[in-house]
Amino acid sequence: MRVLTRLAAVTAATVTALSVTVATPAAAATELVVNGTFSTGTTPWWNSANTSMAVDTGRLRVNVAAGTANPWDAMVAQNDITLTSGKTYTLSFDAAASASVSAATTVQLADSPYTNTLTKTIALTTTSKRFSFPFTSSLSTAAGQVSFQLGKNAAHTVYLDNVSLTETASGPISMTSGFYVDPDSNPAVWVGKNGGDSKAARIQSSIASKPMARWFGSWSGDITAAVSRFVGAADSADKLPILVAYNIPGRDACGGHSGGGAGTEAAYKTWISAFASGLGNRPAVVVIEPDSLGDFDCMSETARQERIRMLTYATEQFRDKAANTWAYLDAGNAGWTAPATMASRLRIVGVANVRGFSVNVSNYYTTGQSSTYANAINSALGGTATFVIDTSRNGNGSNGEWCNPSGRKLGTTAQVGGGAEMLLWVKVPGDSDGNCGIASNVPAGTFSPDLAIRLIDGI
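Residues numbered from 1 in each chain as written. Predicted model: local features only at pLDDT ≥ 70, side-chain atom pairs only at ≥ 80, totals over all residues. Heavy atoms only, no water.

Novice: Which residues make up the sheet that holds strand E2 (residues 46–47), and what values do they have?
Specialist: Spatially, E2-E5-E10-E7-E8 is the arrangement adopted by the five strands of the open sheet, whose pairing is antiparallel. Edge positions in the open sheet fall to E2 and strand E8 (116–124), since each of these has one partner strand only. (Pairing = 2+ DSSP bridges. Helix = DSSP H or I, 4+ residues; strand = E, 2+ residues; numbered from the N terminus.)

Take a look at the structure:
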């Protein structure tokens, strides 16, 4: 079962009309860890039995004894951290070890019953690596603890630096007053040019006036400037923009109607880095490369490994460059890939670096079906991610066809909640899936007023 996502071209006139808005710095996130750089010694960090610690060339050196039965039998930690249930936090740190070992990090109650709100297994090597784990707290307490649990290994040494637990409780939703309506969406542009058409008023009322995503790819030109213009316009209106990054090489490997993308792995990495730079600190929602993980079944092993590297790099760029963006890796739809398989793919490309994943992009499965599928994926991930659902065309559910099928209908407009973190119109209603179905002469990404009206009427 396929989903296809389609191009939304921005005309030269539109690009000229919009001015570039320089990103304004966001308010600094509240830092909850004390002395995470260890620049003033080890206080208030403490170590348990089976460990010793000291500052060594600007890092915390932890010597771990052999013979411990459990990871928590050899710990370093910091207590007295205040957490609030429902607020969003990010735990970040640099870590390396004298040998390749498995460890764990937690954010938890410092007292019995030591309830966890974050638990992550981390693989340490002799090369220092940056780890970053966003999470929503299930705890409200002034007795929180950040711990590193280092036992159950042969004797070794661990190095920690730049430990940070920041409260990012506002997030892009709370920073804005609703979702952004794109004045230059394909439906809006068509209505503007065809005001005398009998379909125009209905398309304006039911589609063009609603929040939906803008898709960015090779047609977007200078990607940093294009993204900056879009999120800048939304920021000026105090609204939350929805963006789609759609430029991965070899995209749409299983369908072909929307093939293309950047020419090489290096070109893609340059492009996605520039995309993330265009967001800056302004609030945004980004769906990363629809179809890119579902397509694994149609790709060679060499192509899959290349895609894994590119998607992992993308998650790192959004994590590091776009502090107030919630980014979601695409996870296909309820009729395509088994949840456990999709969870494995999400994990390997760095879903832990971003907010979570998206489902049903450009497809038709009901919100209930999509939520069930996404929750199964999340369960396989250990319940650590959140998800969004594309509801742009799922009002009548799926009939098993993916390419411009008849009888489909608009779904719930953008909202927070509703069986997911957000319900979003990711696919632009009325944009063709390709030369197929009830729009056999309409290329992928081209807006069709006839398709739009059929979605409004459910026929």
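That shown, we press on.
Novice: Describe unusual backbone geometry, naming the residues involved and giving the relevant values.
Specialist: Between threonine 43 and proline 44 the backbone carries a cis peptide bond, its omega angle lying at 5°. By secondary structure assignment, the location of proline 44 is in the loop between strand E1 (30–31) and E2. Of the consecutive residues serine 112 and proline 113, the connecting peptide bond is found in the cis state with omega at 15°. With respect to the secondary-structure elements, proline 113 resides in the loop between strand E7 (101–109) and E8. One non-glycine residue with positive phi stands out, namely tyrosine 114, at about 55°. Residue position: tyrosine 114 is located in the loop between E7 and E8. Phi at lysine 152 takes a positive value of approximately 65°, unusual for a residue other than glycine.

Novice: Provide a residue-level description of helix H8 (residues 339–348), including the pertinent values.
Specialist: Residues of H8 that are buried include every one of Met342, Ala343, Arg345 and Leu346, and no others. Looking straight down H8, one finds that the buried residues subtend no more than 165° of arc, so they occupy a single side. Relative to its buried face, H8 has exposed residues pointing more than 90 degrees away, namely Ala340 and Ile348. The secondary structure elements touched by the buried residues of H8 are strand E15 (325–330), strand E16 (356–359) and helix H9 (367–380). Just past H8, the residue glycine 350 takes up positive phi, approximately 95°. (Buried < 20%, exposed > 50% of the residue type's maximum accessible area, 1.4 Å probe, protein only. Arc of directions from axis to C-beta. Contact = heavy atoms within 4.5 Å.)

Novice: Provide a residue-level description of H9, including the pertinent values.
Specialist: Taking 1.5 Å of rise per residue, 14 residues should cover 20 Å, and H9 covers 20 Å from first to last C-alpha, within 8% of that figure. Of the residues making up H9, those classed as buried are Thr367, Ser370, Ser371, Tyr373, Ala374, Ile377 and Asn378. The buried residues of H9 occupy one face: seen down the axis, they fall within an arc of 165°. Exposed residues pointing more than 90 degrees away from the buried face of H9 are listed as Thr372 and Ser379. Close packing links the buried residues of H9 with H8, E16, strand E17 (386–390) and strand E19 (422–424). Just downstream of H9, glycine 382 is the residue with a positive phi angle, here 90°. (Expected span 1.5 Å × (residues − 1).)

Novice: Kindly report on the pairing of strand E11 (residues 156–167), identifying the contributing residues and their values.
Specialist: Taking burial as the measure, the 12 residues of E11 include nine buried ones, the bulk of the element. Here E1 runs beside E11; their pairing, made up of two bridges, is antiparallel. Residue pairing for E11: glutamate 31 is matched across the bridge by threonine 166. Across five bridges, strand E4 (residues 59–64) lies against E11 in antiparallel orientation. Across the sheet, leucine 60 pairs through a bridge with leucine 160, a residue of E11.

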